[in-house]
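# Fold and geometry: a report
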Amino acid sequence: MTGFWAIYRRELWALWVTPVAWILLTTFLLLQGGVFYSIVLHFSGATELSFDNGPIESYFGQGSIFLLMTLLLMCPALSMRSFAEEQRSGTIEPLLTAPVRASAIVLGKYLATFTTYLLMWSPTLLYPVILRGTGVVDPWVVASSYLGLALLGAAYLAIGTLMSALTKSQLAALMLSVLLQFGIFVLGVGEYIFEPGPLHALCSHVSMLSHMEEFSKGIVDLRRIVFDLSLVILALFVTTEVVDSWRWS
Amino acid sequence: MIEALNLSKEYGAFSAVRDLSFSVSAGQVVGFLGPNGAGKTTTLRMLAGFLGPSRGTVRVLGHDVSEEPMRARRAIGYMPEAAPLYPEMRVAEYLAFRAALKLVPRRERKLAVQRAMDLSRVADMRNTVIGHLSKGYRQRVGLADALVSNPPLLILDEPTAGLDPNQIREVRELIHSLAREHTVLLSTHILSEVEAICERALVLHQGQLVAEGPIGELLRHRQSRRVYWELRDAPGMAKSLLESLGAKTLSQVEASHSQILTLETEWTPDVSDVELQLEKAVTQLVEHQVGVRRVETARAKLEEVFSALTEAQPTPLPDRPAAQREELRS
């Protein structure tokens with residue numbers, strides 16, 4: 001993978017040196033802080049607590065409609081730049097004539113957005129630390145919740161990277177990936193609509209809501225992991241093919 | 001060094017480059033010449049491996065650009081048209097990134113970046129954000145990028161486009177100095193540029209090679225039919241004498257008090273041997289008491305050669321039979 005590290009470092013640097021990442025980070029943390037605050041407020045007034053329904057589970061699980069909505073915007077915003085901007089400004093030309101394979105470029109760019117995604121979540125690690133001051137926090141639940149988040153983000157960002165390779169406009173890339181992710185989200189809602197059967201099975205398989213619901217309860221289901229990772233691999237593979245195909249346009 | 005064989009590129013029904021074959025050996029400076037839209041950029045993009053040819057092959061140091069792209073690309077320093085760069089990076093940062101991409105070993109990177117900046121004269125801007133640079137500087141950063149891995153072959157697409165005359169001169173000098181160690185392939189639509197820098201030119205028109213050869217040979221393709229005269233014309237008859245010999249006056253300056261006549265003439269198409277006719281004219285002028293102070297035959301500019309070669313509907317040149325010109329094309 002020659003060239004991968006150079007691309008990865010530059011992309012990571014470019015994401016943080018432009019205001020985009022900082023604006024996203026600020027908005028994101030404000031929103032998450034608000035959600036967390038209201039959850040804590042709710043639980044502080046509660047008289048009865050069930051074993052598997054504490055603030056952490058609420059934050060990542062039932063409350064995750066807020067969380068998903070922020071992800072729905074945050075991931076496309078992180079990945080929209082990747083290839084669209086290179087195509088628009090023409091910098092793709094020096095990039096593709098350097099002795100680097102398309103796979104190294106795609107992977108470098110993708111992992112840079114993924115690293116940024118993880119960095120954005122890292123301040124929220126304080127929430128479980130705060131909760132530990134007043135109660136018991138199950139570290140396994142925290143770990144599996146973050147694993148769920150990482151997997152979800154990985155899939156969203158891979159889709160966003162692909163969309164970014166399909167257009168020269170960052171805005172179009174943003175809209176396309178929001179649309180696609182929202183499509184998957186809506187498909188998942190079908191779980192609550194359809195009677196048990198093949199449709200219901202499909203919807204619950206792709207459902208992001210039950211995805212986070214399970215991970216927030218410490219249930220690590222291999223099927224979920226396989227689904228997310230295959231989305232990542234498929235999207236990145238197609239992106240590599242798209243980048244390679246530019247040579248023949 | 002680089003060899004193209006039957007290179008063609010089609011965009012749908014439009015063929016941008018048609019059946020182009022040529023080779024450039026090490027140490028040459030070769031210019032791609034042609035009007036805008038002749039297929040220069042498409043050709044250079046195929047040579048650099050940015051575009052895949054519809055048909056034909058490109059070999060760089062014996063490596064096929066499509067089949068062994070990594071090996072071929074390592075040998076090339078490519079500067080795309082208008083030198084696109086990342087505007088948010090500083091000059092030295094950008095060059096260090098490019099050096100890493102081009103597999104310059106980590107220990108040598110700093111030196112390689114410094115060398116490239118020195119050569120293309122951007123060292124004084126090393127810490128400036130590229131987005132804040134002027135067009136001339138950006139162009140030179142693009143050139144530094146092409147140089148940073150010290151590749152044997154440089155492919156430069158319009159390296160002087162958008163520069164002011166001083167910068168153009170500097171870039172030309174730089175290319176001259178690079179020619180000692182590198183093979184340089186550059187494109188331009190400014191003909192005097194090829195005349196100034198290149199030893200050899202490939203003339204493209206509508207995607208086809210219409211002429212190829214050393215600059216001097218290309219110039220010989222068209223003999224100039226213009227003559228500049230400076231005559232002391234006491235009897236006031238030189239002009240009519242010249243005209244009777246087939247020299248049409250293009251412009252004239254008459255200094256009334258000194259009787260000096262400055263003329264620019266062009267031989268009419270009836271004159272077949274220009275040199276013999278000139279000889280005859282001078283003899284007759286002298287015989288008629290005209291003082292011949294200066295006779296200067298103009299050297300054909302590449303511009304003239306070029307327009308003759310690339311005219312879509314070529315008007316037959318009087319001094320070159322059509323068959324002979326066809327020969328030159330092939």
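Rules used in this analysis
- Residues numbered from 1 in each chain as written.
- Chains lettered and ligands numbered in written order.
- Predicted model: local features only at pLDDT ≥ 70, side-chain atom pairs only at ≥ 80, totals over all residues.
- Heavy atoms only, no water.
- Helix = DSSP H or I, 4+ residues; strand = E, 2+ residues; numbered from the N terminus.
- Buried < 20%, exposed > 50% of the residue type's maximum accessible area, 1.4 Å probe, protein only.
- Contact = heavy atoms within 4.5 Å.
- Areas by Shrake-Rupley, 256 points an atom, 1.4 Å probe, with all protein chains shown as cover.
- Pairing = 2+ DSSP bridges.
- pLDDT = per-residue confidence, 0-100.
- Phe/Tyr/Trp six-rings, centres within 6.5 Å; stacked < 30°, edge-to-face > 60°.
- Lys NZ or Arg CZ within 6 Å of the ring centre and 35° of its normal.
- Core = buried A, V, L, I, M, F, W, Y, C linked by side-chain atoms within 4.5 Å.
- Buried area = accessible area lost by both parts, 1.4 Å probe.
- Salt bridge = Lys/Arg side-chain N within 4 Å of Asp/Glu carboxyl O.
- Polar contact = N/O pair within 3.5 Å; in protein donor to acceptor, adjacent residues only side chain to side chain.
- Patch = residues over 30% accessible without salt bridge, like charges linked within 9 Å, V, L, I, M, F, W, Y side chains within 5 Å.
- Axes fitted to C-alpha atoms, helices over the stretch in contact; angles between N-to-C directions.
- Expected span 1.5 Å × (residues − 1).
- Arc of directions from axis to C-beta.

### Re the overall build of chain B
Broken down by element type, chain B carries 12 helices and 14 strands. Taken over 330 residues, chain B has a buried fraction of 50%. In chain B, the share of contacts with a sequence separation of at least 24, taken over all contacts with a separation of at least 6, comes to 67%. With an accessible surface of roughly 15400 Å², chain B has 49% of that area assigned to carbon and sulfur atoms.

### Points about the pairing of strand β9 (residues 200–205) of chain B
Residues and elements named next belong to chain B. Among the 6 residues that make up β9, 6 are buried, leaving the element largely enclosed by the rest of the structure. Residues of β9 alternate between two faces, with Arg200, Leu202 and Leu204 on one and Ala201, Val203 and His205 on the opposite face, all of them buried. Examined bridge by bridge, β9 and strand β10 (residues 208–214) share 6 bridges and lie antiparallel to one another. Bridged to Arg200 within β10 is Pro214.

### Considerations on the confidence of the model for chain B
All names here are of chain B. When pLDDT is averaged along chain B, the result is 84, and 88% of the positions lie at 70 or above. Confidence drops under pLDDT 50 across residues 312–330; counting only partners more than four residues distant or on other chains, this segment forms 20 contacts. Predicted as a complex, the structure gets a pTM of 0.82 and an ipTM equal to 0.87.

### As for the packing of aromatic side chains
Evaluation of the coordinates by the stated rule reveals 17 aromatic pairs over all chains. Where Trp16 of chain A meets Trp22 of chain A, the ring centres are 5.0 Å apart and the plane angle is 75°; that geometry is what we call edge-to-face. What makes Trp22 of chain A partly exposed here is its relative accessible area of 46%. Taken together, Phe36, Tyr59, Phe60, Tyr127 and Tyr146 of chain A form an aromatic cluster joined through their ring pairs. Over the ring of Phe97 of chain B we find Arg10 of chain A; its NZ or CZ atom is 5.9 Å from the centre of that ring. Positioned over the ring face of Tyr137 of chain B is Arg140 of chain B, at 4.5 Å from the centre of the ring.

### Comments concerning the environment of Leu152 of chain A
All names here are of chain A. Topologically, Leu152 is positioned in helix α9 (residues 139–166). Considering only alpha carbons, one finds Leu152 and Leu231, 79 residues apart in sequence, at a separation of 9.9 Å. Setting aside chain neighbours within four positions, we find Leu152 in contact with Leu68, Leu71, Met208, His211, Met212 and Asp228.

### Focus: the nonpolar core
Residues Leu71, Tyr117 and Trp121 of chain A together with Leu47 of chain B are the most contacted members of the largest nonpolar core, which totals 154 residues. Looking at which element gives the most residues to this core, the answer is α9 of chain A, with 15 residues. Trp121 of chain A has contacts with Phe28, Gln32, Tyr59, Leu67, Leu71, Met74, Tyr146 and Leu149 of chain A, leaving out every residue within four places of it along the chain. Residues Val227, Leu231, Trp267 and Val290 of chain B belong to the second largest nonpolar core, which totals 17 residues.

### Quick look at the interface of chain A and chain B
Taken together, the contacts link 28 residues of chain A with 30 residues of chain B. Approximately 2500 Å² of surface area, both sides summed, lies buried where chain A meets chain B, with 63% of it carried by carbon and sulfur atoms. Here chain A is connected to chain B by 3 salt bridges. Linking Arg81 of chain A and Glu88 of chain B is a salt bridge whose minimum nitrogen-to-oxygen distance equals 3.5 Å. Where chain A packs against chain B, one counts 11 residue pairs in polar contact (both at pLDDT 80 or more). For the side of chain A that touches chain B, the secondary structure elements donating two or more residues are α1 (4–17), α5 (81–89) and α6 (92–96) of chain A. Take the side of chain A that touches chain B: its biggest share by element is 7 residues, from α1 of chain A.

### Details of a nonpolar patch on the surface
Residues and elements named next belong to chain A. Where nonpolar side chains cluster on the molecular surface, the patch consists of Leu187, Tyr192, Ile193, Phe194, Leu199 and Leu202 and spans about 610 Å² of accessible area. Counting through the fold element by element, Phe194 comes out in the loop between α10 (170–189) and α11 (198–206). The class of Phe194 is partly exposed, set by a relative accessible area of 36%.

### Some words on the sheet that holds strand β14 (residues 291–297) of chain B
Residues and elements named next belong to chain B. Sheet architecture is open: 4 strands sit in the order β12-β13-β11-β14, paired in antiparallel fashion. Each edge of the open sheet carries a strand with a single partner, namely β12 (247–255) and β14. On average, each strand axis in the sheet is inclined to that of its neighbour by 20°, with strand direction left out of account. By the bridge criterion, 8 bridges tie β12 to strand β13 (residues 260–267) in an arrangement that is antiparallel. Residue pairing for β13: Ala255 is matched across the bridge by Ile260. Across the sheet, helix α10 (residues 274–287) touches β11 (226–232), β13 and β14, and the angle it forms with β11 is around 10°.

### Section: the environment of Val253 of chain B
Residues and elements named next belong to chain B. Within the secondary structure, Val253 is located in strand β12. Judged by its relative accessible area of 54%, Val253 is exposed. Residues Val253 and Val282, spaced 29 residues apart in sequence, show a C-alpha to C-alpha distance of 19 Å. Excluding residues that lie within four positions of it along the chain, Val253 makes contacts with Ile260, Leu261 and Thr262.

### Concerning the sheet that holds strand β6 (residues 76–79) of chain B
Working definition: the strands of a sheet are paired by backbone hydrogen bonds and lie parallel or antiparallel to each other. Residue and element names in this part refer to chain B. The 6 strands lie next to each other as β6-β7-β8-β3-β9-β10, forming an open sheet whose pairing is mixed. At either end of the open sheet lies a strand with only one pairing partner, and these are β6 and β10. The mean angle between the axes of side-by-side strands here comes to 15°, regardless of whether they run parallel or antiparallel. Where β6 meets strand β7 (residues 153–157), 4 bridges bridge the pair, whose relative direction is parallel. Looking across to β7, one finds that Tyr78 is bridged to Ile155. Helix α1 (residues 40–48) rests against β3 (29–33), β6, β7, β8 (183–188) and β9 of the sheet, and its axis sits at about 150° to β7. Packing against the sheet, helix α5 (residues 135–147) makes contact with β6 and β7, and its axis sits at approximately 165° to β6.

### Here we look at helix α6 (residues 165–178) of chain B
An α-helical turn contains 3.6 residues, so a residue and the one three or four places further along point in the same direction. Residue and element names in this part refer to chain B. Taking 1.5 Å of rise per residue, 14 residues should cover 20 Å, and α6 covers 20 Å from first to last C-alpha, within 8% of that figure. Those residues of α6 that fall on the buried side of the exposure criterion are Gln167, Ile168, Val171, Leu174, Ile175 and Leu178. Taken down its axis, α6 places every buried residue within 125° of arc, on the same side. Summarising the contacts, the buried residues of α6 are in contact with β3, α4 (106–119), α5, β7, β8 and α7 (191–197).

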